[in-house]
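Structural characterization, general
Below, each chain spelled out in residue letters.
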Amino acid sequence: MHKHPTALGLATTLLPVQPVTLTRSHAARRAARFFVEKFPGRTMYAVKANPSPELLAVLYDSGITQFDVASIAEVRLVANTLPDATMCFMHPVKAEEAIREAYDTHGVRTFSLDTMEELEKIVRATKGATDLTLCVRIRVSSEHSKLSLASKFGADPAELRELLIATRQVADALGICFHVGSQAMSPAAYSGAMERVRAAIVEAGVTVDVVDVGGGFPSSYPGMEPPPLEVFFDVIHKCFEDLPVSYSSELWCEPGRALSAEYSSLIVRVEKRRGDELYINDGAYGALFDAAHIAWRFPTELLREPDSNARDMAFSFYGPTCDDADYMKGPFMLPADMKAGDYIEIGMLGAYGCAMRTGFNGFGSVDTIEVDDEPMVSMYVEDHRRVMSNVVKL
Ligand SMILES: *Cc1c(COP(=O)(O)O)cnc(C)c1O
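Now for a look at the structure at hand. Since we're looking at a predicted model, the values are computed, not measured.

So, about the site of the ligand. With respect to spatial proximity, 14 residues lie near the ligand, and among them K48, S182, E254, R257 and Y352 are the closest. Between S182 and the ligand, the recorded distance is 2.5 Å, taken from a side-chain N or O atom to an oxygen atom. Taking E254, its side chain carries an N or O atom lying 2.5 Å from a nitrogen atom of the ligand. Protein burial of the ligand: of its 390 Å² of free accessible surface, 91% is covered by the chains. Per-class residue counts for the shell around the ligand are 4 nonpolar, 5 polar and 5 charged.

If you look at the biggest cluster of nonpolar residues, it comprises 107 residues, and the most contacted ones within it are F35 and F217. Among the elements that take part in this core, helix α8 (residues 188-204) stands out by supplying 8 residues, more than any other.

The next point concerns the pattern of salt bridges. Going through the model one piece at a time under the given rule, you end up with 21 salt bridges. Its salt-bridge partner being D209, residue R168 comes within 3.1 Å of it at the nearest N-O pair. Here the residue R168 occupies a position in helix α7 (residues 157-170), and D209 occupies one in the loop between α8 and β11 (210-212), the gap between them amounting to 41 residues. Of the residues examined, D209 reaches a relative accessible area of 23% and is grouped as partly exposed. Across the pair K339 and D342 runs a salt bridge, and its minimum N-O distance is 3.7 Å. Residues joined by salt bridges that share partners form a network here, namely R304, D337, K339 and D342.

Further remarks concern the sheet that holds β11. Taken in spatial order, the 8 strands close into a barrel running β3-β4-β5-β6-β7-β9-β11-β12, and their pairing is parallel. Across the sheet, the mean angle separating the axes of adjacent strands is 25 degrees when strand polarity is ignored. As judged from the 3 bridges shared by β11 and strand β12 (residues 250-253), these two strands associate in the parallel manner. Its bridge partner being in β12, D212 is matched across the sheet by W252. Contacts from helix α6 (residues 116-125) reach β6 (110-113) and β7 (133-137) within the one sheet, and its direction differs from that of β6 by about 155 degrees.

By the definition in use, this model includes 18 aromatic pairs. An angle of 65 degrees between the planes, with centres 5.1 Å apart, marks the rings of F35 and F233 as edge-to-face. Taken together, the positions of F35 in helix α2 (residues 25-38) and F233 in helix α9 (residues 229-241) put the pair 198 residues apart, joining distant regions of the chain. Judged on exposure class, the residue F35 and its partner F233 are both buried. Residues Y221 and W296 carry aromatic rings whose centres are separated by 5.2 Å and whose planes lie at 90 degrees to one another, so their mutual orientation is edge-to-face. Here Y221 is found in the loop between β11 and α9, whereas its partner W296 is found in the loop between α11 (289-293) and β15 (300-303), with 75 residues between them in sequence. The class of Y221 is buried, set by a relative accessible area of 2%. With a relative accessible area of 4%, W296 lands in the buried category.

Turning our eyes to something else, we now look at helix α3 (residues 53-61). What α3 keeps buried is the set L55, L56, V58 and L59. An end-on view of α3 places all buried positions within 165 degrees of arc, on one side of the element. Of the surrounding elements, those touching the buried residues of α3 are α2, β3 (42-46), β4 (66-69), α4 (72-81) and α10 (257-260). Once α3 ends, the next one or two residues include G63, with phi positive near 110 degrees.

What follows deals with α8. When the terminal C-alpha atoms of α8 are compared, their 24 Å separation across 17 residues agrees well with the 24 Å that a helix rising 1.5 Å per residue should span. For α8, every residue scored as buried is listed here: A189, Y190, A193, M194, V197, A200, I201 and A204. Each buried residue of α8 lies within a common arc of 120 degrees when the element is viewed along its axis, so the set occupies one face. Exposed residues on α8 whose side chains face more than 90 degrees from its buried face are V202 and E203. Where α8 is buried, its residues meet α7, β9 (173-177), β10 (182-184), β11 and α9. Just past α8, the residue G205 takes up positive phi, approximately 65 degrees.

Looking now at the environment of L160. Looking at where L160 falls in the secondary structure, it is placed in helix α7. Taking C-alpha positions, L160 is 9.7 Å from R139, a pair spaced 21 residues apart along the chain. Beyond its immediate sequence surroundings of up to four residues, L160 is in contact with V136, I138, A155 and A200.

What counts as what
- Residues numbered from 1 in each chain as written.
- Predicted model: local features only at pLDDT ≥ 70, side-chain atom pairs only at ≥ 80, totals over all residues.
- Heavy atoms only, no water.
- Near = heavy atom within 4 Å.
- Polar contact = N/O pair within 3.5 Å; in protein donor to acceptor, adjacent residues only side chain to side chain.
- Areas by Shrake-Rupley, 256 points an atom, 1.4 Å probe, with all protein chains shown as cover.
- Nonpolar A, V, L, I, M, F, W, Y, C, P; charged D, E, K, R; others polar.
- Core = buried A, V, L, I, M, F, W, Y, C linked by side-chain atoms within 4.5 Å.
- Buried < 20%, exposed > 50% of the residue type's maximum accessible area, 1.4 Å probe, protein only.
- Helix = DSSP H or I, 4+ residues; strand = E, 2+ residues; numbered from the N terminus.
- Salt bridge = Lys/Arg side-chain N within 4 Å of Asp/Glu carboxyl O.
- Pairing = 2+ DSSP bridges.
- Axes fitted to C-alpha atoms, helices over the stretch in contact; angles between N-to-C directions.
- Contact = heavy atoms within 4.5 Å.
- Phe/Tyr/Trp six-rings, centres within 6.5 Å; stacked < 30°, edge-to-face > 60°.
- Arc of directions from axis to C-beta.
- Expected span 1.5 Å × (residues − 1).

Have a look at this one:
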């Protein structure tokens, strides 16, 4: 892979014609070390947030050796990239062929489920294996999260007791898992969900070996500055200690966004300006899916030398395809003298950004270059966290 010291230097010397994905291995390493050292349990990485093999290797080398996979393609990818990694197949609705291949060929022993049918499927596909860790996914509220995951998955509360008892009978280890939704802005998301876990354990009267609090750990975006992650970890730890099974069970988490967001950003070029609208060379069908479809805001910075001294104003973006929907409302704050030919760095695209790219309309290709400078924002740098806690107090 190509390397360059800084985003600014890269844009001003290489003058890239196509968008460039920037990777920052040091930022992913720092996020991984933070979880490994501070999360009061075991951390696995949710591969769907960004399946880049380079990122998987960085996380693995930093101590994240367990991976949450959701499709057979992700199973094969992790098996090929990191042969010694442990995989947990945490999609509650799987093809029977996928379960069989994962179990027989790739050594996967941990699966999630949320119905009796899925339990029967797992038992059939593994020919009644006795070495399974089976995690029952419960339904929890997404009210504290920016992206809901509350409607699609999670056992029906009316069947939960029966499902836990049946799963206990076939599992070597029984887990309970949930997902509070992505970008949880308050630790209350986890304490609320842990109350559900407690109620489920008490009602079913089963022993539980794993409590998996899922993903949802937040990153920092404009207008979405969450409390420090330590606050989330403290709340989760306390709730876990209060469960009747804490003495004999393990605590797991499955962050995707928090481990990958700071790993990548994007350099785009302005091809045209129309008032407060900038036509850039990447968009809804590229790395900016969330910016277009759910009006997610990302930090932006002009890469120009000498720098502009115009004050910032709010811009929206049009992407390069011919589709009207290739529009990103923002607001994206950039100097008022922005013009065609300028380069912009768009930050925090390591999670659900670079992974979403398509080739629609001929605009899919990008270069990937590793840089050494800091990401625009970080949950893992002291100064930034101090700024964040000031924001929270106000
Ligand atoms: C998407 C997903 C994750 C990761 O969620 P983040 O919000 O990115 O942390 C973890 N677990 C499961 C089961 C998921 O579907």
